[in-house]
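# A closer look at the structure
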Amino acid sequence: MSPSLQKIFSEIEQLTPEEQLTVMGHLVERVKKHITQVQVKRKWSDLKGIASYPLFGEDAQDWVSQHRREGDAHRERLLRTEE
């Protein structure tokens, strides 16, 4: 431990409990600011290539085509029942 840190600790020990809590609160706020500044914002493009292809065992274009066909069939059934 550095001499300056030892000096700070000895000075903190001389403070009242309320003053020590104030010092602790100040340090916590400083660390919170530092942590939030250090956190890196992730981009969706960073996820590229993480999952193996195909992720769920199905080709994406096949999945889209199948769901479009199902949606078309559902709409057709709805239109027929309205007539």
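Residues numbered from 1 in each chain as written. Predicted model: local features only at pLDDT ≥ 70, side-chain atom pairs only at ≥ 80, totals over all residues. Heavy atoms only, no water.

### Overview of the overall build of the protein chain
The helix and strand tally for the protein chain stands at three helices and zero strands. Overall, the protein chain shows an N-to-C arrangement of helices and strands of α-α-α. Against the compact-globule benchmark of 12 Å for 83 residues, the protein chain has a radius of gyration of 31 Å, which places it well outside the compact range. Once the C-alpha set of the protein chain is aligned to its principal axes, its extents read approximately 85 × 35 × 15 Å. (Helix = DSSP H or I, 4+ residues; strand = E, 2+ residues; numbered from the N terminus. Rg over C-alpha atoms; globule rule 2.2 N^0.38 Å.)

### Here's the deal with helix α3 (residues 60-82)
Taking 1.5 Å as the rise per residue, α3 with 23 residues should run 33 Å; its terminal C-alpha atoms sit 33 Å apart, in good agreement. N-capping of α3 is provided by Asp59, with a side-chain oxygen placed 3.2 Å from the backbone N of Gln61. (Expected span 1.5 Å × (residues − 1). Polar contact = N/O pair within 3.5 Å; in protein donor to acceptor, adjacent residues only side chain to side chain.)

### Thoughts on a nonpolar patch on the surface
A cluster of nonpolar side chains, contributed by Met1, Leu5, Ile8 and Phe9, occupies part of the molecular surface with about 400 Å² of accessible area. Among the structural elements, Phe9 can be located in helix α1 (residues 3-13). (Patch = residues over 30% accessible without salt bridge, like charges linked within 9 Å, V, L, I, M, F, W, Y side chains within 5 Å. Areas by Shrake-Rupley, 256 points an atom, 1.4 Å probe, with all protein chains shown as cover. Salt bridge = Lys/Arg side-chain N within 4 Å of Asp/Glu carboxyl O.)

### Observations concerning the pattern of salt bridges
Summed over all chains, the structure comprises two salt bridges. Residue Lys32 is joined to Glu29 by a salt bridge in which the shortest nitrogen-to-oxygen separation is 3.7 Å. Residue Lys32 and its partner Glu29 are located together in helix α2 (residues 17-38), separated by three residues, close to a single helical turn. By relative accessible area, which is 42% here, Glu29 ends up partly exposed. Ionic pairing is found between Asp72 and Arg75, a salt bridge with its closest N-O pair at 2.5 Å. Note that Asp72 and Arg75 are positioned in helix α3 at a spacing of three residues, about one turn of the helix. On the basis of relative accessibility, which here comes to 41%, the residue Asp72 falls in the partly exposed class. (Buried < 20%, exposed > 50% of the residue type's maximum accessible area, 1.4 Å probe, protein only.)

### Some points on the confidence of the model for the protein chain
Mean pLDDT over the protein chain works out to 87, with 92% of the residues at or above the 70 mark. In the model of the protein chain, α2 stands out as the element of lowest mean pLDDT, 88, in contrast to α1, which has the highest, 94. (pLDDT = per-residue confidence, 0-100.)

### Structural notes on the environment of Ala51
Summarising the element assignment, Ala51 is placed in the loop between α2 and α3. For the pair Ala51 and Gln6, spaced 45 residues apart in the sequence, the C-alpha separation amounts to 50 Å.

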